[in-house]
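Examination of the molecular architecture
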Amino acid sequence: MTSESMPVGVILERREIDNPWESHSWTPVGVVPGAADLPDWKEVAKGEGWVQFYAGTLSLELNRDETEDYRYNLANDPPSVYVLLREDEDVEAGIAPFKLTVSPSEAQAYLDGDELLLEPVPMPEIVKSWLAAFIERYHVDQPVYKRTRKPYDPRKGGPPQDGTPAGAGRRGPQ
């Protein structure tokens, strides 16, 4: 399988919320393509009631078998990078990014579990260009095969092909 990867940094936002059970929420707000090895959990921006952190660098992987999904994502307005977060007790924040994908199908597959948080973030232009070039190199259109229907054979049973329900308009022995 042909694949390529790019290091991508993840920016998470901690926002204060009015909730009796939790004091804040975590949301991915952006990605930084080609991110260097910056220290994890470095504060990058701050405002009234929110703080953004550089949460770490992950590898964004592209696989040749998923080019159809990538094309679908690029056709969306805007295309997205899907950031998957999970609880991590080894991190002070209690949550950490663990996977990035640009495949909507792969992102959807991860939603079947209860422990994960999945959020789309806007895809940066450099990732769009890289993804489009990958698709150009490896995408092969798959032919669509139409199923052909077999002609109706009254000896084998089944409904007639004219659209009338089986047994309709037929009478038993008179």
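The structure displayed is predicted, hence computed values, not measured ones.

With antiparallel pairing, the 4 strands of this open sheet are ordered in space as β2-β1-β4-β3. Each of the sheet's edge strands pairs with one partner strand only, and the pair in question is β2 (24-33) and β3 (42-47). This sheet shows a mean twist of 35° between the axes of neighbouring strands, independent of strand direction. Here strand β1 (residues 3-16) runs beside β2; their pairing, made up of 9 bridges, is antiparallel. Opposite Gly9, over in β2, you have Val32 as the bridge partner. Helix α3 (residues 125-138) rests against β1, β2 and β4 (50-63) of the sheet, and its axis sits at about 150° to β1.

Looking now at the side chain of His24. Following the sequence through the fold, His24 ends up in strand β2. There is a polar contact of 3.0 Å between the side chain of His24 and the side chain of Arg14. Here Ser23 takes part through its side chain, which lies 2.9 Å from a polar atom of the side chain of His24. Filtering out sequence-adjacent residues up to four positions away, His24 remains in contact with Arg14, Arg15, Glu16 and Ile17.

Here we come to a negative patch on the surface. Taken together, the side chains of Glu87, Glu89, Asp90, Asp114 and Glu115 present a region of like negative charge at the surface. Its location among the elements puts Asp90 in the loop between β5 (80-87) and β6 (95-101). Residue class for Asp90 comes out exposed when judged on its relative accessible area of 76%.

Rules behind the numbers
- Residues numbered from 1 in each chain as written.
- Predicted model: local features only at pLDDT ≥ 70, side-chain atom pairs only at ≥ 80, totals over all residues.
- Heavy atoms only, no water.
- Pairing = 2+ DSSP bridges.
- Helix = DSSP H or I, 4+ residues; strand = E, 2+ residues; numbered from the N terminus.
- Axes fitted to C-alpha atoms, helices over the stretch in contact; angles between N-to-C directions.
- Contact = heavy atoms within 4.5 Å.
- Polar contact = N/O pair within 3.5 Å; in protein donor to acceptor, adjacent residues only side chain to side chain.
- Patch = residues over 30% accessible without salt bridge, like charges linked within 9 Å, V, L, I, M, F, W, Y side chains within 5 Å.
- Areas by Shrake-Rupley, 256 points an atom, 1.4 Å probe, with all protein chains shown as cover.
- Salt bridge = Lys/Arg side-chain N within 4 Å of Asp/Glu carboxyl O.
- Lys, Arg positive; Asp, Glu negative; His and termini not counted.
- Charge placed at Lys NZ, Arg CZ, Asp CG, Glu CD.
- Buried < 20%, exposed > 50% of the residue type's maximum accessible area, 1.4 Å probe, protein only.

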